[in-house]
Structure formats: C-alpha cells, structure tokens
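Listed below, chain by chain, are the residues.
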Amino acid sequence: MSGVIVVMRRTLLSCTSLARRGLIGLAAMTLAPCGSARAADTRPLQTIETLVSRQEIAVLATALALLGFSVVAAIALVRMRIRSAHKEARLRDDITGLQLQADRYRALLFAEPQILISWTAGGHRPQISGDTSMLVPQDQPQRVLAFGTWLAPEPALQLDHAVDALREIGEGFLLHLTSTHGHAIEAMGRAIGGQAIVRIRELSGLRRDFAEAQLRLKTLAAETELLRGMAGALPWPIWAKQANGTLLYANPAYARATDAVDVDDAVNRNLELLDSGGRADMQRALASSGHFEGRLPIVTGGERHLHDVRAFSLHDGFAGVAVDASEADALSAALRRMADAHRRTLDQLSSGVAVFDAQRRLSFYNDSYRRLWNLDPAFLDGHPDDSSVLDRLRAARKLPEQADFRAWKAKLHEAYRAVEAAKDTWFLPDGRALLVVTTPSPEGGITYLFDDVTESFDLARRFDGLIRVQRETLDSLAEGVAVFGSNGRVELFNPTFAKMWRLTPDALREHPHIDTVESWCHQLHDDPAAWRVLREAITGIENRLDITLKLERKDGSVLDCMSRPLPDGATMLTFQDITDTENVERALRESNEALEAAGQMKIDFVHHVSYELRAPLTTIIGFAHFLSDPSTGPLTQKQSEYLDYVTKSTNALLALTNNILDLATIDAGAMKLELGQVDARKAIEAAAEGVQDRLATDRINLKVEVAPNVGSFVGDERRVVQVLFNLLANAVGFSPADSAVVVSAKRTDHNVTFSVTDSGPGIPPEVKDKVFEWFESHSQGSRHRGAGLGLSLVRSFVELHGGKVRMDSVVGKGTTVTCDFPTDHIAQRNAAE
C-alpha cells in the first residue's frame, strides 16, 4: 500500500513540474517581442509569475483528485485480490475433500464385484463403472452395450426391454438371470436424480442360495396360485380331504353344489357332496386300489343330476372331482334320435344305401337299394351277411363279370379294415354303370352307396368328344388362343399361343394367373397400359365388352389382340400375327411420307433458288439496259451484239424464274388472284404481242378467232394473259416454219373457253399425262426447247380460277389445248379464296 502511494506521489510531482514549465514557456513565447522592446519593464514578469502560480494551484488540485481516486481504486483492487485468493484456497480444499469422499464411496461401492451403468436424462451414451469387458465389445468401448455376449438370447432380450423401460418411463426392475457360464446374475435398475442407474452383480454363496430359494418359492407360489385359479374357474366340483374325512380344500363349484355360502363356509362346516352310499363305495375303492371312478347321483340346486366322479389317494388323504354327465346322456339320446332321422332321410335318397355292421350282417337298407338289385324284401329283412348278398347277385348275373370272383370279393371286403372311404365303378352286364362308395364306420362295419352313373358316363363321353373336337380345332388355328377363367387363371390354350409368346406348355398347364402370364410376356411386350386393359377385361365383373388392341412387340412383330367375354364368366383372348400386313402398310405409309417430303423439298428448293436467282438477274438486266442506253456512250457492233445476247438470255432466265416462283407459290397455297373484269379479246391481243418476235422469226401466221358474244368475265387479267402467252409460246415452239397457229375464244352457258391449236408433231398418248408436270419437256423432234413449266403454269392458273384444262392431240397432226374459265359467281368466289 505504501509503495502505491509513493508511486502516485512521484507521478503528481512530475505532472506539476511539467505543467509549470509548460506555462512559463508559453508565456515567454507570447511576450518575447515585448521583452526585446522594453527589457527594463518588470511588470510583465510579475504578471507571468502570478499566472504561473494560479496554474500550479489548478494542476495541483487536479493531481490531488487523481491521487485520491487512484488510492481508492488500488485499495479496492488489493482487497479483491486478497478475497479471491482466500476463495481459491477454500475451493481447492473443498475439491480435495470431495475427491477423497468420492474415492471412499467408490472403494465402498466396488468392495464387491459389480458394474454400474448410468444414463443422463436425454443422453444415449452410457457411463460404465466396474469391469466392462463382459458388457462392451473391445472394438466399441463405451458406446454399445452387448448383453448378449455373456447372457443367453432370451435373458439378454429381457434385460434390454427392462433397461428401455427404465430409460423411457423410469420403471424400476429387479431381475435374476443366468449367464452363459451358468452363474447367477442380479440386475437392478432405478431412476435416481434424473439419471437411469443399472447395477449388475454376480450372486455367489449364501446370497445365491437365498436368491435361488426365493426364485423357487416365487415359482412355487405362482404355480400354486395358478392351480388354485384354474380349479376355481372350473365348473366341476373339486375337493381335497384328510384321511379322517376332514375337508381341506373346495372350489367355488363345490360350494355351490353343497349350497354353502362360500368356500370357507363349506370347509368350516365340512359339507359333504356325495350321499352316504356313494361315499362308502368311494372309500372302499380308495382303500383297495387308490382310485375310484363311477357315475353317482348328486343333488345340486334342488335337482338330481348324474356325475362322473373320480377320486385318487394322496399322501395323507385324497382328492376328487365330479363332472356333470347329464349333458352326455342328453347327447346320447339326441344321437339316437339323429340316427333315426338319418335312416329316414336315407330312405328318401335315389341312391341305393346298405349298412353292414361289424359282424358283416345287413343292418339297414333303403328302398332304392332294393329296387336297384330287385331283391326280395324278406331276404333283406333277415339280415343276411355281405357274402350271401354278393353270391345271390352273382347268381342272378347282376354283378360285373370277374375272372376270380373269390379274390374280387376278398378285395371288396378289405373295406371293413380300412380307415378311409373308397370308390369304384361297376359296369354291369345289362349296360348300366354304378359308382360304388364303401365307407367304413367307427363301429367296425361299412356302408355301401350305389349311384347309377350311366347317364353321367354317356354325357361325359359326349363332352369328351366335343372337347377333343374343340382341342383339335384350336390346335390347328394359326391364331393364338387362350381362355382365362373367372378367377383370372389360364383354363385353355393352343400351341400357337405358347409359341407366339415363347412360353412352355408345361408352365401354362399349371393354370397360372394373368399377372404371372404378364410377367412372363414382359420380355416381348412391356406396355403397362395394354396389359392393364387386358387384365381388367379378364378379371372385371361389370361392363364386359369386346376389346381390340394392337401390340407392337420388342422383336418387331405386331399382334392384333381381341378379348371376347364368354357366358360362363371366362374370357377368351385371341392373338393374330399381322406383322407382314403392318410392314406393308408401314412401308406404303413411309413411302408416301417420303414422296410428300421429297415434293415439299423440291418446292422449297425451287422456291429458294428462284428467289436467289431473281436478285442477280434483275441487276444484270438493269446494267444491260443501262449499257444499251446511248447516254452511257457508244458501243462497238460486237459489244452491241453481245449485249443483245445478254439481254435476251437474262429476260428468258427471269421469265423462267418467275414461272418457278409462281408454281411454288401456288403449290404452297399462297397464291392470291386479283379478280376483276377481264376482256377476252384484249387478253388475246396482249398475249399475242409477246410472241410477235417469235412469229416473225419462224414465219408463223397467227390466226385470232373471237366470237362476238365473248365479252368479259371475272378473273385475274395478268394471270389470264400469262396463260394465253404460255399456250401461244408453246404452240409457236412446236409449229414448223410457214405454218399457222389458231387462238380462239367463245362463251358458253357457264364458261369462257380459250383454245390454242398448232400444227406441230403432236403428243403421243403415253406422254400426254405428263406434259402438265413440272420440268416435263418433250421436243418430239421439233426445235422447241424449254424448261417444261409453261403447261404446268397454265393448269395451275386455270384451276386456281376454278376452271379446267383439256388437251387434244394427234401424232403428226398437231395439238389443241382448251382452257375453260367459269363465269359462275360461286366458282369465282372459291377461286378468290
């Protein structure tokens, strides 16, 4: 404490001196000019000293305040450290004491071999103290409890369940178990302080003997209580007496039978259940043989009932039980009445019935049996034995012919020693067939049942014939057939079905379900929707209709499937292989699609190429016109000639491109007509003007024949002129020199007809159908050369107007092409659309 004060004092003096020096220096710097000017003046120095004194006082006061605060803080810090040191020392002493106490408790706890296992609340990892080698596997220490390593499976499972109940709901337990080495183990579990504690220790010596005695005592008590409970629950009187006749034990049924208030009342009053005569008989039997059995009368509830009484001697007394036999007597009487009713019922059967007793004598027969064999009633009423009846029937030739009758009869009589019924069929000499059933009776006799099955055999024979015919018919079919019953299982199939789906006949003969058949057929066809439809058609109850499916399998084959519901609830499936038909159809369809695609490709190609050619052609034509203009400068004769060739070629190529574009537009359905009034005469004149140069070059005379009443009609004037121009150009190209071409127009009731006739070589019949196709050009020995688009444009434009084109040609005599343009307003509207 003194050291802290000295340090603080030194700090305060340092701060005071520094402050003083700082103030003096500041004043000197401030008043330096004045001092130099007036060195003799001492008033400023006095003023400075006064100021310095005041500043020192202020600094001193501040230092003193800081000194006081520091002293107080230091004192508080020192005291806090002293208290912390004392607390730390006490805490170390407490920890040491607790550690010693824990060691003492641990030494006391593990004074004997045992194991403690604890789980904190909500924790899953156990804390184990003691020898953990028998609890925890070596590869998983302190993680997994392995009770099964030192306990049998059943005790280990019992301990696991007890530990789970302790951890989940805090339910304590105390178990005595046996280890795999035969040692007695005690396991106790308790919930203490929010933890689940389990103690396991081995019992040895007196403690083990005491535990085993406790266990035996507990087992004996449980068995005694179980026996008492069972005796109390039984409805029969049960009692135990000493040798002198004193009643030791009685169950509630004994008390009720003796009209006692309860069991204690019956024991205290030593009430007797049997009368004196019955008791005397029982005592004599017990004295002689040690047990007694007999049926004695007992009065219970004011009524007399027969009881089967059984008693047996014990070490120092005897015990007995009385079972009510009244119900058995009633059942016996009921059995006799039932037998009588059974006999009366057998008399009403159409089947012959004969009952022979253990002595093999006839004890019962019905009227059907007598009429079946036509036997004398007196003979039957005399209770003849079985052999006598068979001998009489054999003498009357009513039994089946046998090579060794004695052996056959001995085999038939084996039924008396049999335990199960046997069936046989007798074919009688008169043509009848009998189904014979021999049933052994518990008393040692047998019962014969004769049923005439002649008609059934006949029906079965006919049915078998029908089945064979049906089977042969199905086996010869090319279609696969399978019949599924109402239970969804295969009832009938033909070899084609098995071969078609690659199934084995043996597997199908096992009557598999439709689900199993579907799993077998998945390797060929795995369409879930198709199989679902077939499964519903087979197993459905309502809306049973014919269903048709087409199945395309993985192997490329195609099957036509049809389901047909049958009257008996079954369903017939038929499969027909239509792979060849489907392939032909698919090939035709693919060919048609390919042709359509090729046609569309041709149209697209032509359309694209035509557009691409049109732009450079327009440029070339423009520059050719520009060069031919005199304003661009003079050209030589050779240049003019070349330029004329260029102009003609580009014009022809542009016309060809325009024609291709028109055809492509028409085929695409994008061509629209600009309808208006078309003057037929002016249209012919406009078209003729376009071929004037060709007419002059080839010396061909053009004759125009227009009827006076032609007038005008509704159409696209530009396209009509284009049609006439192409017809005239085609006719001029095929006509020889110094010949004539005739163009005519006339009006009918519904059309305006244009005709163009040439005197060319004509068109052969095999070519006539192709001349209107694209790029079909046939010179037929003439000088005409072209792309083969003119007539295609003619037909397209005329049909676009709603008209028709006809061609009449004779080889060597020329060709006439006729175009009909309708004047009907409906046709015109359709053309416009």
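Please read all numbers here as calculations on a predicted model, not as lab measurements.

Draft legend 1. Representation of the sheet that holds strand E15 (residues 446-452). Strands sit in the order E12-E11-E15-E14-E13 across an open sheet of five strands; the sheet is antiparallel. What marks the edges here is a single partner per strand, and that holds for strand E12 (362-365) and strand E13 (422-427). Averaged over neighbouring strand pairs, the angle between their axes works out to 20° when direction is ignored. Inspection of the sheet shows strand E11 (residues 352-356) paired to E12 by three bridges, in the antiparallel sense. Looking at the pairing, Val355 lines up with Phe364 of E12.

Draft legend 2. Inspection of a nonpolar patch on the surface at higher detail. Taken together, Phe623, Phe626, Leu627 and Leu635 make up a surface patch of nonpolar side chains, about 400 Å² in accessible area. Among the secondary structure elements, Leu635 is positioned in the loop between helix H18 (579-628) and helix H19 (637-667).

Draft legend 3. Representation of the confidence of the model for the protein. Taken as a whole, the protein shows an average pLDDT of 77; of its residues, 78% reach a score of 70 or greater. Below pLDDT 50 for its whole length, residues 1-55 participates in 23 contacts with residues either more than four positions away or in separate chains.

Draft legend 4. Quick peek at the nonpolar core. The biggest cluster of nonpolar side chains holds 38 residues, and the ones touching the most others in it are Val723, Leu727, Leu728, Val741, Phe754 and Phe821. Put simply, the parts of the chain that give this core at least two residues each are helix H20 (680-690), strand E22 (701-706), helix H22 (717-734), strand E24 (740-747), strand E25 (751-758), helix H24 (790-800) and strand E27 (814-822). When residues in this core are grouped by element, the largest group, nine residues, is from H22. Excluding its chain neighbours within four sequence positions, the residues that come into contact with Val723 are Val794, Phe797, Val798, Cys819 and Phe821. In terms of nonpolar packing, the next biggest core, distinct from the first, is built from 26 residues, Ala354, Trp408, Tyr416 and Phe450 among them.

Draft legend 5. Looking closely at the side chain of Thr496. Relative to the helices and strands, Thr496 resides in helix H14 (residues 495-500). Separated by 3.0 Å, the side chain of Thr496 and the backbone oxygen of Leu477 make a polar contact. Ignoring sequence-local partners within four residues, the contact set of Thr496 consists of Leu477, Ala478, Glu479 and Gly480.

Draft legend 6. Broad picture of a positive patch on the surface. There is a patch of like positive charges on the surface, built from Arg79, Arg83, Lys87 and Arg90. Tracing the backbone through its elements, the reader meets Arg90 in helix H2 (residues 43-109).

Draft legend 7. Main features of helix H12 (residues 405-412). Here H12 has its buried residues at Phe405, Trp408, Lys409 and Leu412. Within H12, the buried residues cover an arc of 95° as seen down the axis, which keeps them to one side. Away from the buried face of H12 by more than 90 degrees, exposed residues Arg406 and Lys411 are located. Summarising the contacts, the buried residues of H12 are in contact with helix H11 (386-395), E13, strand E14 (433-440) and E15.

Conventions used here
Residues numbered from 1 in each chain as written. Predicted model: local features only at pLDDT ≥ 70, side-chain atom pairs only at ≥ 80, totals over all residues. Heavy atoms only, no water. Pairing = 2+ DSSP bridges. Helix = DSSP H or I, 4+ residues; strand = E, 2+ residues; numbered from the N terminus. Axes fitted to C-alpha atoms, helices over the stretch in contact; angles between N-to-C directions. Patch = residues over 30% accessible without salt bridge, like charges linked within 9 Å, V, L, I, M, F, W, Y side chains within 5 Å. Areas by Shrake-Rupley, 256 points an atom, 1.4 Å probe, with all protein chains shown as cover. Salt bridge = Lys/Arg side-chain N within 4 Å of Asp/Glu carboxyl O. pLDDT = per-residue confidence, 0-100. Contact = heavy atoms within 4.5 Å. Core = buried A, V, L, I, M, F, W, Y, C linked by side-chain atoms within 4.5 Å. Buried < 20%, exposed > 50% of the residue type's maximum accessible area, 1.4 Å probe, protein only. Polar contact = N/O pair within 3.5 Å; in protein donor to acceptor, adjacent residues only side chain to side chain. Lys, Arg positive; Asp, Glu negative; His and termini not counted. Charge placed at Lys NZ, Arg CZ, Asp CG, Glu CD. Arc of directions from axis to C-beta.

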